[in-house]
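# Examining the three-dimensional arrangement
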Amino acid sequence: MGEVDPAFIQAPEHRPKLSVIEAQGIPLIDLSVLSSPDDTFDDALVAEIGDACKKWGFFQVINHGVPLEKRQRIEEAARKFFAQPLEEKRKVRRDEKRVVGYYDTEHTKNVRDWKEVFDLTVHDPTFIPASLDPDDEEIDEWHNQWPEYPPELREACEEYAKEMEKLAFKLMTLIALSLGLPGNRFQGFFKDQTTFIRLNHYPPCPAPNLALGVGRHKDAGALTILAQDNVGGLEVKRKSDGEWIRVKPTPDAYIINVGDMIQVWSNEAYESVEHRVMVNSERERFSIPYFLNPAHYTIVKPLDELTNELNPANYRAYNWGKFFTTRKLSNFKKLSVENIQISHFKIQELSNKLEGGLTIN
């Protein structure tokens, strides 16, 4: 990536501090109880998950049941892919027609990220709205692009995806139970899921005080499961005081974060949290997030079981496919306005009062 182009430079108020605050208190949750023959979701584990979602929106899991060799295989294949010359990687470059594949000019909050990525969908093809027009019902198919090298990348990704789905569904069951819902409450949303996996590579950066690997953001989907290497760099904005906290890598652990969709479904019982990725001048970093997303036709709104007269819905319903398409297509250009967010569907307190008959003079 060479010299630091101005496109990478964060506004002064968003530039990273080179002094790191290591995370204190981000929950580390042991899932070994789930490996018992009856796959019991015990009350203590459910309460632990609920507490982590409520207080942090982030937690780490160990003894999660994902075979280490599956993770090592995809990590090794990712390193081989990114080590290739740029012209080789760009043979599977994504664009507005082929929305998954390699990309090295992604923007977050309209500032370019210091990274390169390779995206793949878990379901191939993945079905998604053809346009942003709310009245257009035409559906597109997204197909994965696979590079010639390394030849094992496709199989490594597909095998890893199967393991991630098992873990994701266990976590969604735990989250449902922690909200007082039936364990299978969320399952129906993921029949034709739009879930995807991203391979991230963050090269050394000559100006880590000016740029970020990924700028501050929240994840739009349901749940994110992140594998990071031992270099570290993920920072979470602590809910209690707004301080940026570094998540120290834990060997063979996965970092879990609640997405915007769970914030809406739970009617803000749980909230997604801003996070970002620091870079450094000496070491490259790799990570692999798995983004659990529902079917394109999912209408996202607060669940009826979690709303009532005393706790009315905080969000208007929105179509996930249209929302997701809007977010994806924005990756190919710098916007003049903020990208679409769930806050755009928030029901304001004033509108509630107006609906209740309040008169404004």
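As a reminder, the structure under discussion sits directly above these lines.
Now for the overall build of the protein. Regarding its fold elements, the protein presents seven helices and 18 strands. A fraction of 77% describes how many contacts in the protein between residues 6 or more apart in sequence connect residues 24 or more apart. Here the protein has roughly 16900 Å² of accessible surface; of this, 50% comes from carbon and sulfur atoms.

Here the structure, examined in full by the defined rule, presents 18 aromatic pairs. Each ring, one from Phe 81 and one from Phe 118, has its centre 5.2 Å from the other, and the planes form 55°; the classification is tilted. With Phe 81 in helix H2 (residues 68-82) and Phe 118 in strand E6 (residues 116-121), the pair connects residues that are 37 residues apart, well separated along the chain. Considered together, Phe 81 and Phe 118 belong to a single accessibility category, that of buried residues. When the centroid spacing of 5.9 Å and the interplanar angle of 25° are considered together, the rings of Trp 320 and Phe 323 count as stacked. Of this pair, Trp 320 and Phe 323 both sit in helix H6 (residues 320-329), three residues apart, roughly one helical turn. When its relative accessible area of 1% is taken as the criterion, Trp 320 is described as buried. Taking the relative accessible area as the measure of exposure, Phe 323 reaches 2% and is therefore buried. Members of the aromatic cluster, each reached through a chain of ring pairs, are Trp 142, Phe 196, Phe 291, Tyr 318, Trp 320, Phe 323, Phe 324 and Phe 345. The ring of Tyr 254 carries the charged tip of Arg 71 above its face, separated from the ring centre by 4.8 Å.

A word on the layout of surface pockets. Its volume calculated, the second largest pocket comes out at about 350 Å³. If you trace the second largest pocket, you find 19 residues lining it, with Arg 71, Glu 75, Gln 228, Asp 229 and Asn 230 closest to the centre. For the lining of the second largest pocket, the secondary structure elements donating two or more residues are H2, strand E11 (223-228) and strand E16 (285-292). For the lining of the second largest pocket, the leading source of residues is H2, giving seven residues. Considered class by class, the residues forming the lining of the second largest pocket number seven nonpolar, six polar and six charged.

Turning next to the packing of H2 against helix H4 (residues 153-178). Where H2 contacts H4, the two axes come as close as 9 Å, and the packing angle between them is 140°. By crossing handedness, the relation of H2 to H4 is classed as left-handed. Facing Lys 70, Arg 71, Arg 73, Ile 74, Ala 77 and Ala 78 of H2, the residues of H4 in contact are Leu 153, Glu 155, Ala 156, Cys 157, Glu 159, Tyr 160 and Glu 163. A breakdown of the residues in the contact of H2 with H4 according to their chemical character gives seven nonpolar, no polar and six charged.

Cut-offs applied
Residues numbered from 1 in each chain as written. Predicted model: local features only at pLDDT ≥ 70, side-chain atom pairs only at ≥ 80, totals over all residues. Heavy atoms only, no water. Helix = DSSP H or I, 4+ residues; strand = E, 2+ residues; numbered from the N terminus. Contact = heavy atoms within 4.5 Å. Areas by Shrake-Rupley, 256 points an atom, 1.4 Å probe, with all protein chains shown as cover. Phe/Tyr/Trp six-rings, centres within 6.5 Å; stacked < 30°, edge-to-face > 60°. Buried < 20%, exposed > 50% of the residue type's maximum accessible area, 1.4 Å probe, protein only. Lys NZ or Arg CZ within 6 Å of the ring centre and 35° of its normal. 1 Å grid on protein atoms, 1.4 Å probe; cavity = no way out; pocket = protein on both sides within 12 Å on 5 of 7 lines; lining within 4 Å. Points joined across faces, edges and corners; volume = space filled by probe spheres on them. Nonpolar A, V, L, I, M, F, W, Y, C, P; charged D, E, K, R; others polar. Axes fitted to C-alpha atoms, helices over the stretch in contact; angles between N-to-C directions. Left-handed = near helix turned anticlockwise from the far one by under 90°.

Geometric descriptors of this kind do not, in isolation, establish any biological role.
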